[in-house]
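# Structural characterization, general
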Amino acid sequence: MKIIWHGHSCFEITGKDGTIIFDPYQANSVPGLNPLKLKANLVLCSHEHEDHHPENPLLPLFSFWKISQKTFSSVFLPYHRHHQGSRRGKNTIHIVEFEDMKIVHMGDIGCMMDDVSKLKNCDVLMIPIGGYYTIDTKEALKYIERIQPRIVIPMHYRSHEFGYDVLSTNEEFIQKSSNIVYVDDYLEVHKETKGQTIVFKKPRN
């Protein structure tokens, strides 16, 4: 399985079963990121805010084909932020079985859930760390400790080149994490890949 980060919370995963895109953003919705030009068998969006959901997911950028039913497993519907979603609505956590591995994309999770049993021991966890709209580094690390994923990929933060000013950078997360591996362009994940925390040096954009 190959994983590509396109910036913010947008990931592309590709394997023999096809291609899945998580949380593609609308053009000009995320400062510093160029419009996306992607094709996929399946597009999964955690919620309908423009930085996680294309304006028209069918045309012109995304092509859909029927993907194997076994690929899509289940979803959670926790709150986007504290106060039971009354301020920013609900958020979908996608759990996908892909290439015989369990992939979890936490979307814009903004609260601490009591029950994480469906997420536990996943192969890949994509988790926001930027705060303000979502959980921050401190809360993300608590989730990671409870979920025990094999591979962690932080998302939804800013850098000096892109992202919302209100978000934190990934610096604190890196300082407080272990087994950091920096990736230039894409990550290959196999069943034998050792546990690690992935930091993409820059998005493919």
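The following paragraphs examine the structure supplied in this document. Predicted model only: the values in this text are computed from it and were never measured.

### Observations regarding the overall build of the chain
In terms of regular secondary structure, the chain is built from two helices and 12 strands. Each helix and strand of the chain, ordered N terminal to C terminal, gives the series β-β-β-β-β-β-β-β-α-β-α-β-β-β. Counting the 205 residues in the chain, one finds 55% classified as buried. Counting contacts in the chain only where the partners sit at least 6 residues apart, residues at least 24 apart contribute 58% of the total. Carbon and sulfur atoms make up 46% of the accessible area of the chain, which totals about 10000 Å².

### Here we look at the pairing of strand 9 (residues 151–155)
Counting buried positions along strand 9 gives five out of five residues, so the element sits mostly inside the fold. Bridge count for strand 8 (residues 124–128) against strand 9 is five bridges, and the pairing is parallel. Bridge assignment links Ile-127 to a residue of strand 9, and that residue is Pro-154. In this region the chain leaves strand 8, passes through helix 1 (residues 137–147) and returns to the parallel neighbour strand 9; the handedness of that crossover is right-handed. Where strand 9 meets strand 12 (residues 196–200), two bridges bridge the pair, whose relative direction is parallel. Looking at strand 12, one finds that Val-152 is bridged to Thr-197.

### What to know about the nonpolar core
Within the largest apolar cluster, 57 residues are counted, with the highest numbers of intra-cluster contacts made by Ile-3, Ile-103, Met-106, Met-126 and Ile-153. Not counting residues up to four positions away in its chain, the partners in contact with Ile-153 are Ile-3, Phe-11, Val-124, Leu-125, Met-126, Ile-127, Leu-187, Ile-198 and Phe-200.

### Digging into the environment of Thr-193
On the secondary structure map, Thr-193 appears in the loop between strand 11 (187–188) and strand 12. Distance in space between the C-alpha atoms of Thr-193 and Arg-150 is 8.5 Å, their sequence separation being 43 residues. For Thr-193, the contacting residues outside a window of four places in its chain are Arg-150, Ile-151 and Glu-188. A polar contact of 2.8 Å, which involves the side chain of Thr-193, links it to the backbone nitrogen of His-190.

How each quantity is defined
Residues numbered from 1 in each chain as written. Predicted model: local features only at pLDDT ≥ 70, side-chain atom pairs only at ≥ 80, totals over all residues. Heavy atoms only, no water. Helix = DSSP H or I, 4+ residues; strand = E, 2+ residues; numbered from the N terminus. Buried < 20%, exposed > 50% of the residue type's maximum accessible area, 1.4 Å probe, protein only. Contact = heavy atoms within 4.5 Å. Areas by Shrake-Rupley, 256 points an atom, 1.4 Å probe, with all protein chains shown as cover. Pairing = 2+ DSSP bridges. Right-handed = clockwise from strand over helix to strand, strands pointing away. Core = buried A, V, L, I, M, F, W, Y, C linked by side-chain atoms within 4.5 Å. Polar contact = N/O pair within 3.5 Å; in protein donor to acceptor, adjacent residues only side chain to side chain.

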